[in-house]
Amino acid sequence: MTLNRRNFLGAGAAVAASLSAPMVLGAGKPRVVVIGGGAGGATAARYIAKGSKGAIDVTLVEPSRTYYTCFFSNLYIGGFRELSSIAHSYGKLASDYGINVVHDWAIGIDRDAKTVSLAGGAKLPYDRLVLSPGIDFVDGAVPGWDVSSQNKMPHAYKAGSQTELLKAQVEAMPEGGTFAMVAPPNPFRCPPGPYERVSMIAHVLKEKNPTAKIIVADPKPKFSKMGLFQEGWANHYDGMIDWIGQDFGGDVVEVNADEMTVSIDGEVTKVDACNVIPAMKAGKICEMASITEGNWAPVIGHTMQSRIDENIHVLGDACAQGDMPKSGFSANSQAKVAAMAIRGALTGSKVFPAKFSNTCWSLIDTDDGVKVGATYEATDEKIAKVDGFISQTGESGDLRKQTFEESVGWYAGITSDMFG
Amino acid sequence: MRLAISIITLWAALTGAALGEESAEAIGDSERGAKMFKKCKSCHQLGDGAKHKIGPHLNGIFFRPAATFDDFKYSKGMYAAREAGLVWDIDGLSRFIEDPRGTVPGTKMSFHGLPKEKDRFDLLAFLRIYSDNPQNIPEAAPTAIKVEVELSPEILAIVGDPDYGEYLATECTTCHQSSGDFDGIPGIVGWPNEDFVIAMHAYKLKKRDHPVMQMMAGRLADDEIAALAAYFGNLN
């Protein structure tokens, strides 16, 4: 089909009159391609398909057949979830919502021709493109580490085999051994993630290897939910965790994966397991589409459209939007605003003012859950915070347990919102 | 039809046979149970004038088989439990309240359960007051009528825009499943309009104490709350 919606409209009434109505509709059916099947992409694909009831052709490009959510992958490391419980397939998006799910890599975007090239050779035309590729790592961010080191020093910041590897390495640590984490600089995916992970690893070590030590080298002077985590670490894992922030040289780090050493502010430590979480940038496809400024793709908050190309919407971790944290919840929230805007643009459905929200739950130890959240609105300049809350230190055990149970409910909610 | 008749017969037989002897037994501390009933009140009414709300009213529940009100839409799980013979005797109620989802898989009741036997029996002792002598309900302020927040008739009369409700609802379904299932966050599907509106205003006015919901409701205008109530109320 070479007649796309734009040149169909440009071709004028003569062409339209010569075709029967159904064919005209078929030829003019707008096409949306979504790249990335995570919290942003899967949600956007589902909401566009669901809302338009077949009036928009939706193609979802995602290399993996099984998607492991990053959220709750720390709970797998801590032994609170099975890996299979965070695995999801795209079957319902195809069967229940008519989405064309293509398991392939997007390797190029021609913004003038409005096509996406796939590694398998196909070219997908689009009227609107949604990019939700997540994150990639900044080359050379942690001296001594690159992706070839990821088996010895996993990042485990894309869930799946990396998460399994990190868990296995922590569990194989010798008695009284040392685990190190190199935490990332801002901004990065899941601000409380590294610290929930430290808590989960401490939980495992407390049970299996109570004399082991945890060192965290952090380039930041403070981190998300810091007071809550530090209170929890003192309560549950007293003396086990040594957090070295920027003020103490946590930003001067070098690793050697072959020797299994970590140098922090010049002091070299031999470690038994090491989690390196490098600085992050938007998924590579954003760079390939030339829609990034610095490490991220800037967007207009009202619609999540790229500030560089109005036919492209960028969601989740990859975009620079303002005040929202890079989280699965945020991506899911942004996807719904984008889906509404895209449907409005392509089919004329009603468009309402954008509203966003986010809540991040973290588990510190068994039944000790905490949360932080906020609501946001779009201004011309950015997505701006409206209101927020955070769990308090010293909360009762009942409330913390309730918060954890709520997070389990949220997991069931967001994954059914993403995958149907 | 035959099934319905046999259930009614069974119900009559059970209530008739069992009421006399059961009423003589003290199940638990009903005054403590009255306080515990606060956990139930946001969904269930009890007492003079009690109506079905988010959950069915609980007057006369003792010895009634599960899912027997024709004018209340139960979960599939609850209808299955009725087919399987679940009756709200002390044992049936106690098992359900202890672990709602374990006892009736698929129940819409968004409640984690009361693990302590004493808590359950005190609560049942209180519920029991409204089953033994339904014609003689205490004259104290009936629990059924009390409303959490007084809203003006104008607010309650707002008819929500279902399209707007559908969009606004996308913000809710990140946590509250559109199937109505409860896995740790309450189902909010199929509620009576007024209950939904009152609950949201109670959060907005910070009379309910959940910080996420206070924040979410806090920025919703009256017509937006009405739109959400309309959307979720009609969702199947």
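Residues numbered from 1 in each chain as written. Chains lettered and ligands numbered in written order. Predicted model: local features only at pLDDT ≥ 70, side-chain atom pairs only at ≥ 80, totals over all residues. Heavy atoms only, no water.

Colleague: Can you break down the overall build of chain A residue by residue, with the values?
Modeller: Counting secondary structure elements, chain A contains twelve helices and 25 strands. Expressed as a percentage of the 420 residues in chain A, the buried residues total 58%. For chain A, the share of sequence-separated contacts (at least 6 apart) that also reach a separation of at least 24 residues comes to 67%. Carbon together with sulfur atoms contributes 50% to the accessible area of chain A, which is approximately 16,600 Å² in total. (Helix = DSSP H or I, 4+ residues; strand = E, 2+ residues; numbered from the N terminus. Buried < 20%, exposed > 50% of the residue type's maximum accessible area, 1.4 Å probe, protein only. Contact = heavy atoms within 4.5 Å. Areas by Shrake-Rupley, 256 points an atom, 1.4 Å probe, with all protein chains shown as cover.)

Colleague: Can you explain the interface of chain A and chain B? Please cite residues and give values.
Modeller: Facing the 35 residues of chain A at the interface are 23 residues of chain B. Taking both partners together, chain A and chain B bury about 2,400 Å²; carbon and sulfur atoms supply 59% of that area. It is Phe352, Lys355 and Phe389 of chain A that lose the most area in chain A upon contact with chain B, and together they represent 25% of the buried surface on that side. Counting every contact that joins chain A to chain B gives three salt bridges. We note a salt bridge from Lys355 of chain A to Glu224 of chain B, for which the minimum N-O separation is 3.3 Å. Counting every contact that joins chain A to chain B gives 16 residue pairs in polar contact (both at pLDDT 80 or more). When residues of the side of chain A that touches chain B are traced back to their parent elements, those giving at least two are α11 (328–347), β23 (355–365), β24 (368–378), β25 (383–390) and α12 (397–419) of chain A. For the side of chain A that touches chain B, the element with the most residues is α12 of chain A, which contributes ten residues. (Buried area = accessible area lost by both parts, 1.4 Å probe. Salt bridge = Lys/Arg side-chain N within 4 Å of Asp/Glu carboxyl O. Polar contact = N/O pair within 3.5 Å; in protein donor to acceptor, adjacent residues only side chain to side chain.)

Colleague: Describe in detail the pattern of salt bridges, supporting the description with residues and values.
Modeller: Residue and element names in this part refer to chain A. Summed over all chains, the structure comprises 31 salt bridges over all chains. Where Asp258 meets Lys152, a salt bridge forms, and the shortest distance between an N and an O atom there is 2.7 Å. Pair noted here: Asp258 is in the loop between β14 (253–256) and β15 (261–264) and Lys152 is in the loop between β10 (135–137) and α7 (161–171), with a separation of 106 residues, a long-range link. Residue class for Asp258 comes out exposed when judged on its relative accessible area of 64%. Classification of Lys152 by relative accessible area gives partly exposed; the value is 43%. Here the salt bridges share partners, and the residues they tie into one network are Glu231, Asp368, Glu395 and Arg400.

Colleague: Give a detailed account of the packing of helix α8 (residues 162–172) of chain B against helix α11 (residues 222–234) of chain B, specifying residues and quantitative values.
Modeller: All names here are of chain B. Relative to each other, α8 and α11 sit at 85°, their axes nearing to 8 Å. Taken together, the axes of α8 and α11 are roughly perpendicular relative to one another. When α8 is examined against α11, the residues Pro162, Tyr164, Gly165, Glu166, Leu168, Ala169 and Cys172 are found in contact with a partner set consisting of Asp223, Glu224, Ala227, Leu228, Tyr231 and Phe232. Taken together, the residues of the contact of α8 with α11 break down into nine nonpolar, one polar and three charged. (Axes fitted to C-alpha atoms, helices over the stretch in contact; angles between N-to-C directions. Parallel < 35°, antiparallel > 145°, perpendicular 65-115°, else oblique. Nonpolar A, V, L, I, M, F, W, Y, C, P; charged D, E, K, R; others polar.)

Colleague: Quick one: what's the story with the pairing of strand β12 (residues 213–217) of chain A, residue by residue and with numbers?
Modeller: All names here are of chain A. For β12, the tally of buried residues reaches four of five residues, placing the bulk of the element in the interior. Of the pairings in the sheet, the one linking strand β11 (residues 178–182) to β12 comprises five bridges and is parallel in character. Note that in β12 the partner of Val182 across the bridge is Ala217. The pairing of β12 with strand β13 (residues 241–244) spans four bridges and is classified as parallel. Counterpart to Ile215 in the pairing with β13 is Asp242. As for the winding sense of the linkage, the β-α-β connection from β12 through helix α9 (residues 226–236) to β13 is right-handed. (Pairing = 2+ DSSP bridges. Right-handed = clockwise from strand over helix to strand, strands pointing away.)

Colleague: So what's going on with the packing of helix α8 (residues 193–208) of chain A against α9 of chain A? Which residues, and what values?
Modeller: Residue and element names in this part refer to chain A. The interhelical angle for the contact between α8 and α9, taken along N-to-C directions, is 5°, at an axis separation of 11 Å. Taken together, the axis directions place α8 and α9 in an arrangement best described as roughly parallel. Where α8 approaches α9, its residues Tyr195, Glu196, Val198, Ser199 and Lys206 are matched on the opposing element by Phe229, Trp233 and His236. Looking at the contact of α8 with α9, its residues break down into four nonpolar, two polar and two charged.

Colleague: Describe unusual backbone geometry, listing the residues and the values that go with them.
Modeller: Residues and elements named next belong to chain A. Here Asn186 and Pro187 are connected by a cis peptide whose omega angle stands at -10°. With respect to the element layout, Pro187 can be found in the loop between β11 and α8. Backbone geometry places Lys225, a non-glycine residue, at a positive phi of 55°. In this fold, Lys225 is placed in the loop between β12 and α9. The exposure class assigned to Lys225 is buried, which follows from its relative accessible area of 5%.

Colleague: I'd like a rundown of the environment of Val149 of chain B, residues and numbers included.
Modeller: Residue and element names in this part refer to chain B. Following the sequence through the fold, Val149 ends up in the loop between α6 (117–132) and α7 (153–157). Classification of Val149 as buried rests on a relative accessible area of 2%. Residues within four places of Val149 in sequence aside, it is in contact with Ile198, His201, Ala202, Leu205 and Lys207.

Colleague: Explain the sheet that holds strand β8 (residues 123–125) of chain A to me, and be specific about the residues and the numbers.
Modeller: All names here are of chain A. Read across the open sheet, the three strands follow the order β6-β7-β8; overall the sheet is antiparallel. In this open sheet, the two edge strands, each paired with only one partner strand, are β6 (106–110) and β8. Adjacent strand axes in the sheet meet at a mean angle of 25°, parallel and antiparallel pairs treated alike. Summarising the sheet, β6 and strand β7 (residues 115–118) pair through four bridges and their orientation is antiparallel. Each residue of the ladder has a partner; that of Asp110, found in β7, is Thr115.

Colleague: Please give an account of the packing of aromatic side chains that cites residues and values.
Modeller: Evaluation of the coordinates by the stated rule reveals 26 aromatic pairs over all chains. Where Tyr90 of chain A meets Phe419 of chain A, the ring centres are 5.6 Å apart and the plane angle is 75°; that geometry is what we call edge-to-face. Placement of the pair is Tyr90 of chain A in the loop between β4 (87–89) and α6 (91–95) and Phe419 of chain A in helix α12, with a sequence separation of 329 residues. Here Phe419 of chain A falls in the buried class, since its relative accessible area comes to 5%. One aromatic cluster is present, formed by Phe71, Phe72, Phe329, Trp361, Trp410 and Tyr411 of chain A through successive ring pairs. Positioned above the aromatic ring of Tyr76 of chain A is the side chain of Lys167 of chain A, whose terminal nitrogen or guanidinium carbon lies 5.3 Å from the ring centre. The ring centre of Phe62 of chain B lies 5.1 Å from the NZ or CZ of Arg128 of chain B, which sits over that ring. (Phe/Tyr/Trp six-rings, centres within 6.5 Å; stacked < 30°, edge-to-face > 60°. Lys NZ or Arg CZ within 6 Å of the ring centre and 35° of its normal.)

Colleague: Give a detailed account of the sheet that holds β25 of chain A, specifying residues and quantitative values.
Modeller: Residue and element names in this part refer to chain A. An order of β23-β24-β25 is seen for the three strands of this open sheet, with the pairing classed as antiparallel. Of all the strands in the sheet, just β23 and β25 have a single pairing partner and so form its edges. Taking each pair of neighbouring strands and ignoring which way they run, the sheet shows an average axis angle of 20°. Two elements, β23 and β24, share ten bridges in a ladder whose sense is antiparallel. Bridge pairing in β24 places Ser357 opposite Thr375. Sheet contacts for α9: β23, β24 and β25; angle to β23, the most-contacted strand, approximately 15°.

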